[in-house]
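Single-letter residue listing:
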Amino acid sequence: MKKIILSLVAAIVATTATYAQSLIATLTHEGNITTYSGPSAFSQAHEAAEDGDIITLSSGSFNAVTITKGITIRGAGMAVDPTTQSEPTILTNNSTNYITMKDGTTTRLTIEGVYFNNALTISATLTGATFLKSRFKSINCSGAGKAENLTMIHCKVADGLSFTSSSTFSCLNCIIWEPTTTPGEFINCVVKKGSASYYLSNATFKNCIFVGCANSTFDNTNTFFNCVGLNAEQWNLFNSTNSTNQVLSDYSAIFKTCTDGTYSDSETFELTTTAASTYKGTDGRQIGVYGGMMPFNPQPSNPQITNCTVAEKSDANGMLSIDITVQGAQ
């Protein structure tokens, strides 16, 4: 119970920085909390962290570092949230952010509620990691890097998802632009694959929506179940023996606002009422990111402050009244 309370306090302290107009990182280690401030706060917290620790980041832009430890990184979100009045946590660098796990690391890396402003490169074996409710410019592997049993949930990838052939991963209720990777599983995703530079093969797609995809970017090793393709180019996209897939020519037949295959952080990819009731996945629910057991929700699961009222002055005993309302993801 003590650790739960301390983790909640750390999240509150970090998120309160939104109101205080400052950058805060808190490190939770064995029930103790250490606070860092400024653009290098994440770097300082990461340097002091040990496997299994939790780093909580406020809204704002932090200098990114090479992640080498099996820790949990919790941000304030990947976008502006009008409900919680919070802004995103941004990790930025001059060119590329790296994950290079140390040999012998057994604790899993978890990243939630973070906006990566630059490419994220996995340069060593990353095992059992989880990426939640985060936005990535791109994710790729280099050198000996590979992802083993990586799970991505409620994430956005703006410009490229490329893993080595020995990697294994699952994308659940994600928005993925330009995957060029083998093999993997995509469930209830919105996918764009327009570049023919690399084939996508040995992947499985269930309950997905494809936008602006070209036939030449997929080969016959891919498997599709209950998917919808948008664009006349995709008539041969799906295996002709699998009658559970459909091709539509009009974006307005399925999306409320999306009109083409251009990526935008602000696009929600919500289905029209008619489409939601017409196009069903393998589980009988609507296809796309709002279907399945875990409909897309960008709000982080860690506690977020929705209201913070501070009295203008302290009382006669020198106490300052602060009223804070905290809620988790819906």
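Report follows, based on the coordinates. For clarity, every value in this text was computed on a predicted model and none was experimentally measured.

## Examining the packing of aromatic side chains
Move 1: In this structure the tally under the stated criterion is twelve aromatic pairs.
Move 2: Here the aromatic rings of Phe-205 and Phe-224 are separated by 5.2 Å at their centres, their planes lie at 10°, and the arrangement is stacked. Of this pair, Phe-205 sits in strand E23 (residues 203-206) while Phe-224 sits in strand E25 (residues 223-225), and the two are 19 residues apart along the sequence.
Move 3: A residue is classified by how much of its surface remains accessible, and Phe-205, at 0% relative accessible area, is buried.
Move 4: By relative accessible area, Phe-224 is classed as buried at 3%.
Move 5: Ring geometry for Phe-255 and Phe-269: centres 5.6 Å apart, planes at 70°, overall edge-to-face. Of this pair, Phe-255 sits in the loop between strand E27 (246-248) and helix H3 (273-278) while Phe-269 sits in the loop between E27 and H3, placing them 14 residues apart in sequence.
Move 6: Overall, the relative accessible area of 2% leaves Phe-255 in the buried class.
Move 7: Given a relative accessible area of 1%, Phe-269 falls into the buried group.

## Things to note about the sheet that holds strand E7 (residues 96-99)
Move 1: The strand order E7-E10-E14-E18 describes an open sheet built from four strands, whose pairing is parallel. In the strand order of this sheet, the two ends are held by E7 and strand E18 (161-162), each with one partner.
Move 2: Pairing analysis gives two bridges linking strand E14 (residues 139-141) to E18, with the strands arranged parallel. Counterpart to Ile-139 in the pairing with E18 is Leu-161.

## Some remarks on the environment of Gly-229
Move 1: Mapped onto the secondary structure, Gly-229 falls in strand E26 (residues 228-230).
Move 2: Residues Gly-229 and Val-211 lie 18 residues apart in sequence; the distance between their C-alpha atoms is 6.3 Å.

## Description of the state of the cysteines
Move 1: Going through the model one piece at a time under the given rule, you end up with zero disulfides.
Move 2: No disulfide involves Cys-227; its nearest neighbouring cysteine sulfur is the one of Cys-208, lying 4.8 Å away.
Move 3: Take Cys-227: its relative accessible area is 1%, and that puts it in the buried class.

## Overview of the sheet that holds strand E21 (residues 184-187)
Strand pairing in a sheet is mediated by backbone hydrogen bonds. Such pairs are either parallel or antiparallel.
Move 1: Across the sheet, which stays open at both edges, the eleven strands sit in the order E2-E1-E3-E5-E8-E12-E16-E19-E21-E23-E25 with mixed pairing between neighbours. Two strands bound the open sheet, and with one partner strand each, they are strand E2 (32-37) and E25. Averaged over neighbouring strand pairs, the angle between their axes works out to 10° when direction is ignored.
Move 2: With three bridges joining them, strand E8 (residues 110-112) and strand E12 (residues 130-132) adopt parallel strand pairing.

## Observations concerning helix H2 (residues 41-48)
Because the α-helix completes a turn every 3.6 residues, residues three or four places apart line up on one side.
Move 1: Taken together, the buried positions of H2 are occupied by Ala-41, Phe-42, Ala-45 and His-46. Down the axis of H2, the smallest arc covering the buried residues is 130°, so these residues share one side.
Move 2: In this fold, the buried residues of H2 make contact with strand E1 (24-29), E2, strand E3 (54-57), strand E4 (60-63), strand E5 (72-74) and strand E6 (89-92).

## Thoughts on the pairing of E2
Move 1: Pairing analysis gives six bridges linking E1 to E2, with the strands arranged antiparallel. Bridge pairing in E2 places Thr-26 opposite Thr-35.
Move 2: Turn length for the E1-E2 hairpin, with the two strands adjacent in sequence and antiparallel, is two residues, and the turn residue Glu-30 shows positive phi of about 50°.

Cut-offs and rules
- Residues numbered from 1 in each chain as written.
- Predicted model: local features only at pLDDT ≥ 70, side-chain atom pairs only at ≥ 80, totals over all residues.
- Heavy atoms only, no water.
- Phe/Tyr/Trp six-rings, centres within 6.5 Å; stacked < 30°, edge-to-face > 60°.
- Helix = DSSP H or I, 4+ residues; strand = E, 2+ residues; numbered from the N terminus.
- Buried < 20%, exposed > 50% of the residue type's maximum accessible area, 1.4 Å probe, protein only.
- Pairing = 2+ DSSP bridges.
- Disulfide = S-S within 2.5 Å.
- Axes fitted to C-alpha atoms, helices over the stretch in contact; angles between N-to-C directions.
- Arc of directions from axis to C-beta.
- Contact = heavy atoms within 4.5 Å.

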